[in-house]
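# A structural walkthrough
So you can see what is in the structure, the chains are spelled out below.
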Amino acid sequence: MKEQFYYQATQCLCSSLSLEVALQNYYEYVKQYLPIDGIFLNIYRPEHADIQFLAHVNEQQAVALDKQVKISAEMEQVLQQNDRPAIRIINDIHLDKVTSFVAPQVIPEIGSVILLRMISDNTHLGVVGFYAKQAGQFKPLHADLIEPHKDTFSLITAFNLRGRNLLKANQVLSQENDNLKRAMFSPDGVVGADGGLKKVMVQVDAIAALNTSVLMLGETGCGKEVIANAIHAKSNRADKPFIKVNCGAIPETLLDSELFGYEKGAFTGAETRKAGYFEQANGGTIFLDEIGELPLSAQVRLLRVLQNSSITRVGGHENVDLNIRVIAATHRNLQAMVHEKTFREDLWYRLSVFPIEIPALRQRRSDIPLLVQYFIETLAAKFNLEQLPRVMPEQLAMLNNYNWPGNVRELINVLERAIIQKPMGPLSFDLLQAQPDENTTIKTGQTIVVDPSYASDKLVPLDTMIGKYISHAMRITGGKLYGPAGAAELLDINPNTLKSKMKKLGLC
Ligand SMILES: Nc1ncnc2c1ncn2[C@@H]1O[C@H](COP(=O)(O)OP(=O)(O)OP(=O)(O)O)[C@@H](O)[C@H]1O
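Residues numbered from 1 in each chain as written. Predicted model: local features only at pLDDT ≥ 70, side-chain atom pairs only at ≥ 80, totals over all residues. Heavy atoms only, no water.

- As annotated in an unreviewed UniProt entry, the protein carries the name Transcriptional regulator, Fis family and comes from Shewanella halifaxensis.

Structure representation (structure tokens):
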């Protein structure tokens, strides 16, 4: 019977890597042979002068514990006596100084207990306590039954402690990793805030708290809106609206009503009063993207609004006072436009109080690996991938060397395409075959070879060709359709016509 009991009980103890689960399985088995109400397991930690409870099981629960009980120097002396018996029956807990002090602090209802010492590498590791709520429950035959389990208990506890230490080390590492990421990715979602955009972020920090207008300059897709967002998030308007207006995407005839709103009955179809973007942004920040695309007539009205800090809705007479911070952005050379008289000088002065120039991605290549990692994580979450796809070094080198005319937006598109094609990775990237020269910009009318294989006698349906050509243009612009250097401009077609063509061809 003893062998059978030993065998079965050992099997239970080795049934799980989780201490409390193993202990529960063990308890369920041995309680058939012992008058016990529960089992606890603790270790002695001389370096902390305490006893740490690791697990407790009883009829109701099986829990992992991390509870420490400080002990006196006198109690420590007792624990350090190596000649203490391997197993002891304490039928009245009050008769044992250490146990009566320690055990009730974690498990209040102990009347009697059998303590099984665990030894590891010749040192006292701790004890397993088989307890009953009532006093006087245990006999030597009970101790005889469980005494052979002490080595197995010592072993699984030592392993569990090693596991816990590894887990702690892992948690520390992952915390450090998070801290590093936070430092790299900055709380406002600006990747490279500590790298290639450091100078920009110094300017952001300097200007955020003020109400000064900011003019954001930089190529398309380089992150002007991201930085505008960061300014807003760091300002005392952070809990107020941030309204983005793409000045290049609003048809000239609708500009006034979109920007300044309208009164009921102002024009056919104006059935109710509507607040424009400026009113919606009141108290917060308005981000006027593609400001260089505003026609001259609209520039005058914008200047007036900025000077008076108020608007008048279309069809109305009342002035609506505004408290707004203006951030404008453009990829154009506004100063040159001022010289060409396509941008008003007075508006330029008004907007360019504090210009911030965002460097192009190719001017801060050191941010590319960070951006790649960040967007792979973002896209993996978007596509519900369980594992992050890998990027092989030679592919990363390719991304590092590429010219990035569409900047970060193009990088996101390249990564998204690669992930869609091979979600498990390793990712390979489909960059523009001909790497544009550093100083080359793509101009309207420039020849683009879409796919040389079509330049043969074998003809394809016209829509296929058009679809391919549009996709190619979108790739070049990093997905930008509207505005200067957008696909519509490159293809010399009205953006709305292009959009509907894309819809028809299933491209968007
Ligand atoms: N530093 C960055 N950190 C994280 N994401 C970025 C960063 N820069 C750009 N992005 C991402 O790249 C994309 C394009 O950025 P954004 O819209 O800010 O560029 P933009 O310069 O305003 O473009 P456009 O001139 O076409 O309006 C966005 O999805 C944005 O989230």
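### Focus on the overall build of the protein
- Counting its secondary structure elements, the protein contains 19 helices and 13 strands.
- Taking all 508 residues of the protein together, the buried fraction comes to 44%.
- In the protein, of all internal contacts separated by at least 6 residues, the share reaching a separation of at least 24 is 65%.
- Summed over its atoms, the accessible surface of the protein is roughly 26,400 Å², and 52% of this surface lies on carbon and sulfur atoms. (Helix = DSSP H or I, 4+ residues; strand = E, 2+ residues; numbered from the N terminus. Buried < 20%, exposed > 50% of the residue type's maximum accessible area, 1.4 Å probe, protein only. Contact = heavy atoms within 4.5 Å. Areas by Shrake-Rupley, 256 points an atom, 1.4 Å probe, with all protein chains shown as cover.)

### Some thoughts on the side chain of Lys-480
- Checked against the element boundaries, Lys-480 lands in the loop between helix H17 (462–476) and helix H18 (487–490).
- Lys-480 has contacts with Thr-220, Glu-290, His-331, Arg-409, Met-474, Ala-485, Gly-486 and Ala-487, leaving out every residue within four places of it along the chain.

### Looking at the environment of Gln-280
- Here Gln-280 lies in helix H10 (residues 277–280).
- With relative accessibility at 35%, the residue Gln-280 sits in the partly exposed group.
- Distance from Gln-280 to Ile-243, taken between C-alpha atoms, is 7.2 Å for residues 37 residues apart in sequence.
- Non-local contacts of Gln-280, meaning those with residues more than four positions away in its chain, are made with Pro-241, Ile-243 and Ala-275.

### With respect to the packing of helix H14 (residues 368–382) against helix H16 (residues 407–421)
- Taken N-terminus to C-terminus, the directions of H14 and H16 make an angle of 50°; their axes are 10 Å apart at the nearest point. Between H14 and H16, the interaxial angle falls into the category oblique. Both H14 and H16 take part in a crossing whose hand is right-handed. The segment H14 lies against H16, with Leu-371, Val-372, Phe-375, Ile-376, Leu-379 and Lys-382 engaging Val-408, Leu-411, Ile-412, Leu-415, Glu-416 and Ile-419.
- Partitioning the contact of H14 with H16 into residue classes produces 10 nonpolar, no polar and two charged. (Axes fitted to C-alpha atoms, helices over the stretch in contact; angles between N-to-C directions. Parallel < 35°, antiparallel > 145°, perpendicular 65-115°, else oblique. Left-handed = near helix turned anticlockwise from the far one by under 90°. Nonpolar A, V, L, I, M, F, W, Y, C, P; charged D, E, K, R; others polar.)

### Here we look at the sheet that holds strand S12 (residues 325–330)
- Across the sheet, which stays open at both edges, the five strands sit in the order S8-S9-S12-S7-S13 with parallel pairing between neighbours. Looking at the sheet topology across the chains shown, the edges are occupied by strand S8 (242–246) and strand S13 (354–357). The mean inter-strand angle of the sheet, taken between neighbouring strand axes irrespective of direction, is 20°.
- Strand direction decides the pairing type here: S8 and strand S9 (residues 285–289), joined by five bridges, are parallel. Each residue of the ladder has a partner; that of Lys-244, found in S9, is Phe-287. (Pairing = 2+ DSSP bridges.)

### A word on the site of the ligand
- Every one of the 18 residues lining the ligand counts as a neighbour, but Val-191, Thr-220, Gly-221, Lys-224 and Asp-289 are closest to it.
- Cys-222 places a main-chain nitrogen or oxygen 3.2 Å from an oxygen atom of the ligand.
- The separation between an oxygen atom of the ligand and a polar main-chain atom of Gly-223 is 3.1 Å.
- Out of a free accessible area of 630 Å², the ligand has 86% covered by protein chains.
- Those elements giving two or more residues to the shell around the ligand turn out to be helix H8 (224–234) and H16.
- Grouping the constituent residues of the shell around the ligand by class yields eight nonpolar, four polar and six charged.
- Taken together, domain 2 (198–359) and domain 3 (364–439) each give at least three residues to the shell around the ligand, which thus spans both. (Near = heavy atom within 4 Å. Polar contact = N/O pair within 3.5 Å; in protein donor to acceptor, adjacent residues only side chain to side chain. Domains from an automatic or database assignment.)

### What about H17?
- The terminal C-alpha atoms of H17 lie 21 Å apart, and with 15 residues this matches the ideal 21 Å at 1.5 Å per residue to within 8%.
- Within H17 the residues assigned to the buried category are Gly-467, Ile-470, His-472, Ala-473, Met-474 and Ile-476.
- Here the buried face of H17 lies against H18 and helix H19 (495–504).
- Looking one or two residues past H17, Gly-478 carries a phi angle of roughly 65°, positive in sign. (Expected span 1.5 Å × (residues − 1).)

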